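# Structural overview
Residues per chain, in single letters:
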Amino acid sequence: MNTLAVPMEMAEPSRRLAWGILGGLGPRASAAFLNSIYQAASGPEQRTPAVFLVSDPSFPDRSSAALQGCKEAELLERTDAALRSLAGLGAERLVMCCVTLHYLLPRISSGWRSKIVSLLDLIFEAVLREQRMQLVMCSDGTRAHRLFEDHPRWAAAEGRLVMPAAAEQSLIHRMIYELKAGGVQPGHARLVRQLCSRYKVDSVVAGCTEFHLLSTGLTTRLGGTNWIDPLTILAERISQQTQGAAV
């Protein structure tokens, strides 16, 4: 699958790009992402990022659609409509706050697709930048559609990515839905540490946006575990762009 990343060019200091977030997938993760953008910002509020958030948790389940092929047409139609709405509000860059939803990228209307910043692209950039092994924690839908394995940069990054076996993948997928339903629970950090120990790694790829609830930064440690979190990376870049930095 070919993902598309929008070049993050030098922003004019006197002009801010408006960002649009397709959220609600789940709502806690996209709300946390919006919070991260403003946590990363500095200076007077008039110079902080302009962000539009559409949070609609009624979207069909992305993993079910990916695994069973059900409701794909509805999911695509509603994704297109939400992106159109964000663009209509003035958003010039778009973020789909769900990694699994990226499997629909090739089928999204080209007008919106050209504005989307791929979370997968951000992940691969960070993986290739860091000199360590990474455990990929993502949904069953992402695994079923081989979003990592079919990414254009997989060949370059494959040696640094560990894809968990079926038993551990099941635990990860269950944790994602626990995060959706009730947020972070005490056992989640312990499970992440156990998985890292089992696979002999100390760094994790947040291959599902729900893991943004666990990770607060690219190098922030949770119980000794390093995270590559595309939402944190993007939140920091959006805030830097607002101040005229190259991102």
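Residues numbered from 1 in each chain as written. Predicted model: local features only at pLDDT ≥ 70, side-chain atom pairs only at ≥ 80, totals over all residues. Heavy atoms only, no water.

Turning to the side chain of Q134, a few remarks are in order. Its location among the elements puts Q134 in strand β4 (residues 134-137). Taking relative accessible area as the criterion, Q134 reaches 0% and is therefore assigned buried. Of note is the side chain of Q134, whose polar atom sits 2.5 Å from the side chain of S203. Setting aside its immediate chain neighbours within four residues, Q134 contacts V127, R160, L161, V162, S203, V204, V205 and I228. (Helix = DSSP H or I, 4+ residues; strand = E, 2+ residues; numbered from the N terminus. Buried < 20%, exposed > 50% of the residue type's maximum accessible area, 1.4 Å probe, protein only. Polar contact = N/O pair within 3.5 Å; in protein donor to acceptor, adjacent residues only side chain to side chain. Contact = heavy atoms within 4.5 Å.)

To continue, consider the confidence of the model for the protein. The pLDDT averaged across the protein works out to 89; a share of 88% of its residues lies at or above 70. Low confidence marks residues 7-14, where pLDDT is under 50. Its contacts with residues over four positions away, or in another chain, come to 15 contacts. With pLDDT under 50 throughout, residues 217-222 is counted as low confidence; its partners more than four residues away or in other chains account for 20 contacts. (pLDDT = per-residue confidence, 0-100.)

What follows covers the packing of aromatic side chains. The final tally for this structure, using the stated rule, is two aromatic pairs. Ring geometry for F124 against F148: centres 5.9 Å apart, planes inclined by 40°, an arrangement best described as tilted. Residue F124 is located in helix α5 (residues 119-129), and its partner F148 is located in the loop between α6 (140-144) and α7 (154-157); the two are separated by 24 residues in the primary sequence. By the burial criterion, F124 is buried, and F148 matches it. For the ring pair F211 and W227, a centre distance of 6.0 Å and an interplane angle of 40° mean the geometry is tilted. Separated by 16 residues along the polypeptide, F211 in the loop between β6 (203-206) and β7 (221-222) and W227 in strand β8 (residues 225-228) bring together distant segments of the chain. A residue is classified by how much of its surface remains accessible, and F211, at 0% relative accessible area, is buried. Over the aromatic face of F59 sits the side chain of R78, whose NZ or CZ is 4.8 Å from the ring centroid. A cation over a ring is seen here: K180 above Y177, with NZ or CZ 5.8 Å from the ring centre. (Phe/Tyr/Trp six-rings, centres within 6.5 Å; stacked < 30°, edge-to-face > 60°. Lys NZ or Arg CZ within 6 Å of the ring centre and 35° of its normal.)

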